[in-house]
Amino acid sequence: LTSVTGTDSITRFTAAAGTTYRIKVQTYGNSANFQLAFAQAPANDNFANATPIPAGTNATVTGDFLGSYFEDGEPGSSYQTLWWRWTAAGTGPVTLMVESANPDLDLRLNAWEGTALTALTGFPGRRGKVTFQATTGTTYRIQAGTYQAVVSSSQVTLSLYTAPGNDAFAAA
């Protein structure tokens, strides 16, 4: 018998086909309400499987936190995360924004440089937005996260905006 212990009311494990699992729910009080939700992790749940954002100056992609989790060694402090990657076609300011139709999600957004999860440097964002100076040819890893334990579909939209060529006074 193998024990899988979760924290903050969520447990994650990789289920094997044909295996029977027994689930124990425990409370510190006399009673508690609980919900069991089973979900497969989204494709871009882990850093290594970051979904590519189409090349170009502006792009919009979507994702769903249902089944996602915080990866061991992952930077930041969100509870559930999704990852994308984008390679800058030019040098200049970039703004990323993440939004959800679910008003209960406390969304966080970060952009990172690096190819290894434990060796990232970056541009910590704030609630739902991050702005940074991109460099031509550099691949950035974009991390969206939430502190809530998501147990139902929670679609998010990530939008990327680069500055137009005449954004600076000298280029007007």
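Residues numbered from 1 in each chain as written. Predicted model: local features only at pLDDT ≥ 70, side-chain atom pairs only at ≥ 80, totals over all residues. Heavy atoms only, no water.

When you go through the protein chain residue by residue, the secondary structure sums to 0 helices and 9 strands. Along the protein chain, helices (α) and strands (β) appear in the sequence β-β-β-β-β-β-β-β-β when read from the amino end. Here the protein chain holds 172 residues, and 33% of them are scored as buried. Considering only residue pairs separated by 6 or more positions, the protein chain has 72% of its internal contacts joining residues 24 or more positions apart. (Helix = DSSP H or I, 4+ residues; strand = E, 2+ residues; numbered from the N terminus. Buried < 20%, exposed > 50% of the residue type's maximum accessible area, 1.4 Å probe, protein only. Contact = heavy atoms within 4.5 Å.)

Moving on: the nonpolar core. Membership of the largest hydrophobic core comes to 24 residues, with the highest contact counts inside it found for Trp84, Trp86 and Leu96. Sorting the residues of this core by element identifies strand S2 (58-64), strand S3 (80-87), strand S4 (92-100), strand S5 (107-113), strand S7 (129-134), strand S8 (139-146) and strand S9 (155-162) as the ones contributing at least two each. Not counting chain neighbours up to four residues away, the residues in contact with Leu96 comprise Leu109, Ala111, Gly128, Lys129, Val130, Phe132, Ile142, Ser159 and Leu160. Counting residues in hydrophobic clusters, the runner-up holds 6 residues, among them Trp83, Trp112, Leu117 and Leu120. (Core = buried A, V, L, I, M, F, W, Y, C linked by side-chain atoms within 4.5 Å.)

This part covers the environment of Gly137. In this fold, Gly137 is placed in the loop between S7 and S8. Classification of Gly137 as exposed rests on a relative accessible area of 53%. Beyond its immediate chain neighbours, meaning those up to four positions away, Gly137 contacts Thr87 and Ala88.

Tallying each qualifying case throughout the model produces 1 salt bridge. Across the pair Asp106 and Arg108 runs a salt bridge, and its minimum N-O distance is 3.2 Å. (Salt bridge = Lys/Arg side-chain N within 4 Å of Asp/Glu carboxyl O.)

The next subject is the packing of aromatic side chains. The description of an aromatic ring pair rests on the distance of the ring centres and on the angle between the ring planes. Under the definition given, this model contains 5 aromatic pairs. Here the aromatic rings of Phe132 and Tyr140 are separated by 4.8 Å at their centres, their planes lie at 50°, and the arrangement is tilted. Classification of Phe132 as buried rests on a relative accessible area of 4%. (Phe/Tyr/Trp six-rings, centres within 6.5 Å; stacked < 30°, edge-to-face > 60°.)

Let us now look at a nonpolar patch on the surface. Among the surface-exposed residues, Phe13, Tyr21, Ile23, Val25, Phe34, Leu36 and Phe38 lie close enough to one another that they form a single nonpolar patch of about 750 Å² accessible area. With relative accessibility at 36%, the residue Tyr21 sits in the partly exposed group. (Patch = residues over 30% accessible without salt bridge, like charges linked within 9 Å, V, L, I, M, F, W, Y side chains within 5 Å. Areas by Shrake-Rupley, 256 points an atom, 1.4 Å probe, with all protein chains shown as cover.)

What follows deals with the confidence of the model for the protein chain. Per-residue confidence for the protein chain gives a mean pLDDT of 80, with 82% of residues at or over 70. Across the protein chain, element-level confidence peaks in strand S1 (residues 51-52) with a mean pLDDT of 93 and bottoms out in S9 with 75. (pLDDT = per-residue confidence, 0-100.)

So, about the side chain of Asn110. Turning to its location among the elements, Asn110 is positioned in strand S5. A residue is classified by how much of its surface remains accessible, and Asn110, at 11% relative accessible area, is buried. Ignoring any residue separated from it by four or fewer positions in sequence, one finds Asn110 in contact with Phe123, Pro124, Gly125, Val130, Arg141, Ile142 and Gln143.

This next bit is on the pairing of S8. Across the 8 residues of S8, 7 count as buried, placing the element largely inside the fold. As paired strands, S3 and S8 are joined by 8 bridges and run antiparallel to one another. The partner of Leu82 across the bridge, within S8, is Ala144. Relative to S8, S5 runs antiparallel, the two being bridged by 7 bridges. Counted as the bridge partner of Leu107 is Thr146 from S8. (Pairing = 2+ DSSP bridges.)

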